[in-house]
Amino acid sequence: MKMYFRKTWPLHLFLLPSVLLLIVFNYIPMAGFLIGFEDFKPWLGILKSPFVGLKHFKFMFNDPTAIQVIWNTFIIAIFKIIVGAIVPFAFSLFLNEVRAMLFKRTIQSLIYLPHFLNWVILGGILTDLLATNGLINQLLEGLGLNRIFFLGSGDWFRFTLVTSDVWKEFGFGTIIYLAAMTGINQSLYEAADIDGANNFNKAIHITIPAVIPIAIVIATLSLGNILNAGFDQVYNMYNPLVYQKGDIIDTYVYRVGLLQGSFSLATAVGFFKSVIGFVLIATTYKLASKYANYRIF
Amino acid sequence: MLKLKFSNRMFQYANHLFLSIVAILCILPMIHVLAVSLSSNYATTSFLVKLWPIGFTWDAYEKALNSNNFLVAFKVSILRTVFGTLISMTLTMLAAYSMSKDNRYFRGRTVYAWFFVFTMLFHGGLIPTYLVVQKAGLMNSLWALILPVAVNVFNVVLMMNFFRGIPKELEEAAAIDGAGHFRVLFTIFFPISLPSIATLSLFTMVFHWNSWFDGMIYMNQANKIPLATFLQALIAGFDYTQIGLNPSDLENLSERSLKSALIFIGTLPILLVYPFLQKYFVKGMTLGSVKE
């Protein structure tokens with residue numbers, strides 16, 4: 001045993017700094033959920049603040065605003081998950097049909113780009129483009145349509161959130177499918193050619209069945225995001241006009257907690273989100289590993 | 001047969017057209033911003049600019065780049081990106097090396113693995129994290145932007161998977177020559193995995209450059225905020241005094257083109273590293289996810 005430790009002590013040492021940082025910045029905040037069960041006063045600290053049990057949780061589930069916020073989060077997130085699962089998959093099928101490599105690579109370069117820009121930049125760009133007299137509305141008017149209040153009407157705001165999120169991320173999402181598609185055995189296509197199959201037949205009978213398992217794993221894992229409607233995006237695009245339908249848990253927690261100082265209520269709402277997220281992520285990983293043999297380790 | 005070929009060719013044309021349109025839609029907004037930033041006051045305030053500058057002028061860029069606050073924020077961003085990436089990558093390499101060892105050799109690996117992965121599954125949430133950073137005395141310190149995000153478990157997992165693909169023989173041969181773990185890591189694993197390190201470093205750099213929220217909540221002095229946070233504040237509620245401009249400076253310059261110029265300058269570093277990013281990230285993305 002002593003010999004063994006002499007050989008492996010550097011391995012523990014290598015892990016030490018990371019472990020310490022995770023304890024301080026991840027595990028201690030996890031214990032901070034206690035704040036949600038207290039009437040937290042910053043000057044009393046977490047240990048001395050009075051314990052109030054489920055008070056804040058009861059308040060949350062009876063408060064129309066909090067319930068609306070949870071509902072908004074769910075609706076926005078679920079649409080992002082569904083549309084965000086379909087678009088990259090469909091787009092890779094079309095991109096996979098391209099034989100000219102230079103063209104394919106150019107398209108890829110262009111569609112990956114928005115993924116690397118943050119929502120501060122994109123929010124700034126989109127609020128300008130989607131303004132009532134912005135470029136998009138000028139275009140709509142040019143086509144003889146009515147102007148749309150993209151960022152001022154609740155339903156349109158949700159639509160804008162989902163569309164712009166998919167716009168930002170779909171290109172990046174195609175990477176994994178294209179990688180899987182290049183891995184398909186070419187002899188399958190050659191055999192199909194001999195049988196007289198056209199591109200459409202080949203896509204339906206070879207490409208799609210080969211990629212479906214990966215698509216299912218990705219879709220399953222993304223269910224863990226069901227209460228992640230995207231703080232950065234919403235925060236940089238919303239305004240009081242659309243709070244009713246566009247305010248989400250994370251923006252609510254930030255406003256109520258850090259701006260208004262209701263630490264306990266905000267923590268309770270955040271804790272609710274973390275617990276739901278945990279259950280979903282744990283379940284989906286379990287499913288993915290059981291049925292698709294997916295492992296992170 | 002001829003008919004089939006014809007329809008096939010039609011499909012190819014239509015497909016190319018469709019893909020081109022979608023791809024152009026991905027960058028059109030950026031082109032519009034660039035055009036607005038280079039246009040005159042009149043053209044921008046009356047929303048005349050589409051995709052090409054009208055009344056071309058560099059004014060907005062001149063004003064933005066001469067703003068002291070802008071340059072200070074730029075410097076903070078550079079600092080956090082450089083140090084944040086260095087620290088994060090060092091921790092990633094060290095942790096991934098240990099984690100890549102076999103369970104039978106490195107007992108405790110499973111415990112460490114769960115300890116790391118659990119942080120991906122459960123989050124303490126905004127308020128407790130904020131209070132920890134505050135209690136740790138990191139408010140207004142560059143460390144507040146670096147330490148809480150220094151350990152990226154996802155990167156550790158990717159790196160670990162890469163290390164596991166390195167042939168055992170290399171390590172064993174070095175061990176016979178008397179090399180310890182330090183030597184094995186720095187003289188064998190490090191050089192072999194340079195492409196992976198480059199990939200993850202680029203991702204980490206982009207992450208740091210783009211982060212703005214931590215700067216907003218942890219920094220409350222104007223000279224401490226990074227560029228992304230600075231831009232966020234400017235875009236959200238435009239106030240030219242923030243970048244040290246007088247109302248008289250805006251005679252020939254519209255708010256809109258100044259904003260657009262700032263957005264474009266904020267994007268520029270990403271655009272500059274983008275070719276390198278692109279070279280590596282496809283490999284990086286599929287490094288850990290598609291396994292045989």
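Residues numbered from 1 in each chain as written. Chains lettered and ligands numbered in written order. Predicted model: local features only at pLDDT ≥ 70, side-chain atom pairs only at ≥ 80, totals over all residues. Heavy atoms only, no water.

- Per an unreviewed UniProt entry, chain B is named Putative aldouronate transport system permease protein, and its organism is Paenibacillus endophyticus.
- UniProt's Subcellular location (unreviewed entry) comment on chain B is quoted here verbatim: "Cell membrane".
- UniProt annotates chain B under Sequence similarities (unreviewed entry) with the comment "Belongs to the binding-protein-dependent transport system permease family." (UniProt positions renumbered as here; feature names shortened; annotations may be inferred.)

- Going by the annotation in an unreviewed UniProt entry, the name recorded for chain A is Putative aldouronate transport system permease protein, with Paenibacillus endophyticus given as the source organism.
- UniProt lists a comment for chain A under the heading Subcellular location (unreviewed entry), and it reads "Cell membrane".
- Comment text from UniProt for chain A, heading Sequence similarities (unreviewed entry), reads "Belongs to the binding-protein-dependent transport system permease family."

A word on the overall build of chain B
Next, step 1: Check the secondary structure of chain B and you find 14 helices and 0 strands.
Next, step 2: Pairs at least 24 residues apart make up 70% of the contacts formed inside chain B by residues separated by at least 6 positions.
Next, step 3: Carbon together with sulfur atoms contributes 68% to the accessible area of chain B, which is approximately 14,000 Å² in total. (Helix = DSSP H or I, 4+ residues; strand = E, 2+ residues; numbered from the N terminus. Contact = heavy atoms within 4.5 Å. Areas by Shrake-Rupley, 256 points an atom, 1.4 Å probe, with all protein chains shown as cover.)

Topic: the side chain of Thr160(A)
Residues and elements named next belong to chain A.
Next, step 1: Among the structural elements, threonine 160 can be located in helix H8 (residues 154-182).
Next, step 2: Reaching out from threonine 160, the side chain makes a polar contact with the backbone oxygen of tryptophan 156 at a distance of 2.6 Å.
Next, step 3: Setting aside its immediate chain neighbours within four residues, threonine 160 contacts Leu130, Phe150, Leu151, Gln233 and Met237. (Polar contact = N/O pair within 3.5 Å; in protein donor to acceptor, adjacent residues only side chain to side chain.)

A closer look at unusual backbone geometry
Residues and elements named next belong to chain B.
Next, step 1: Phi at asparagine 140 takes a positive value of approximately 65°, unusual for a residue other than glycine.
Next, step 2: Tracing the sequence through the fold places asparagine 140 in the loop between helix H6 (126-135) and helix H7 (143-146).
Next, step 3: Asparagine 140 sits in the buried class, given a relative accessible area of 15%. (Buried < 20%, exposed > 50% of the residue type's maximum accessible area, 1.4 Å probe, protein only.)

Some thoughts on the UniProt feature "transmembrane region" (unreviewed entry) in chain A
Residue and element names in this part refer to chain A.
Next, step 1: In the numbering used here, UniProt assigns the feature "transmembrane region" (unreviewed entry) to residues 12-37, 69-95, 116-136, 170-189, 210-231 and 263-285.
Next, step 2: Summarising residues 69-95: 100% helix, 0% strand, and an end-to-end C-alpha distance of 38 Å.
Next, step 3: Annotation note: span residues 263-285, helix share 100%, strand share 0%, distance between end C-alpha atoms 32 Å.

Overview of the layout of surface pockets
Next, step 1: Of the voids in this model, the second largest pocket is the one considered here, and its volume is about 860 Å³.
Next, step 2: Contributing to the lining of the second largest pocket are 32 residues, with Ile136(A), Thr163(A), Trp167(A), Leu25(B) and Pro29(B) lying nearest its centre.
Next, step 3: At the level of secondary structure, the elements contributing two or more residues to the lining of the second largest pocket comprise helix H4 (64-96), helix H6 (119-129), helix H7 (135-142) and H8 of chain A together with helix H1 (2-37) of chain B.
Next, step 4: Ranked by residues supplied to the lining of the second largest pocket, first place goes to H8(A) with 8 residues.
Next, step 5: Residue classes in the lining of the second largest pocket are distributed as 26 nonpolar, 5 polar and 1 charged. (1 Å grid on protein atoms, 1.4 Å probe; cavity = no way out; pocket = protein on both sides within 12 Å on 5 of 7 lines; lining within 4 Å. Points joined across faces, edges and corners; volume = space filled by probe spheres on them. Nonpolar A, V, L, I, M, F, W, Y, C, P; charged D, E, K, R; others polar.)

What about the packing of aromatic side chains?
Next, step 1: Following the criterion strictly, the structure yields 46 aromatic pairs over all chains and no others.
Next, step 2: An angle of 75° between the planes, with centres 5.1 Å apart, marks the rings of Tyr97(B) and Phe189(B) as edge-to-face. Residue Tyr97(B) is located in helix H4 (residues 68-99), and its partner Phe189(B) is located in helix H10 (residues 181-192); the two are separated by 92 residues in the primary sequence. A single burial state applies to Tyr97(B) and to Phe189(B), both of which are buried.
Next, step 3: Grouped by ring-pair contacts, the aromatic residues Tyr27(A), Phe33(A), Phe37(A), Phe57(A), Phe271(A), Phe278(A), Phe115(B), Phe116(B), Phe118(B) and Phe122(B) constitute a single cluster.
Next, step 4: Sitting above the plane of the Tyr243(A) ring, Arg255(A) keeps its charged end 4.3 Å from the centroid. (Phe/Tyr/Trp six-rings, centres within 6.5 Å; stacked < 30°, edge-to-face > 60°. Lys NZ or Arg CZ within 6 Å of the ring centre and 35° of its normal.)

A closer look at the confidence of the model for chain B
Residue and element names in this part refer to chain B.
Next, step 1: Summing up the model confidence of chain B, the mean pLDDT is 85 and the portion of residues at 70 or higher is 89%.
Next, step 2: Of all secondary-structure elements in chain B, the lowest mean pLDDT belongs to helix H2 (residues 41-45), at 79, while H7 reaches the highest, 96.
Next, step 3: Within the model, pLDDT remains below 50 along residues 288-292, and this stretch shows 8 contacts once partners closer than five positions in the same chain are excluded.
Next, step 4: Model confidence for the complex is summarised by a pTM of 0.89, with the ipTM given as 0.89. (pLDDT = per-residue confidence, 0-100.)

Some details on empty space enclosed by the protein
Next, step 1: All chains considered together, the criterion is met by 1 cavity of 30 Å³ or more.
Next, step 2: Roughly 60 Å³ of internal volume is contained in the largest cavity.
Next, step 3: Surrounding the largest cavity, Asn118(A), Val120(A), Ile121(A), Trp209(B), Asn210(B), Leu227(B), Ala228(B), Leu231(B) and Gly266(B) form its lining.
Next, step 4: If one sorts the elements of the lining of the largest cavity by residue count, helix H13 (residues 227-236) of chain B sits on top with 3 residues.
Next, step 5: Of the residues assigned to the lining of the largest cavity, the class counts are 6 nonpolar, 3 polar and no charged.

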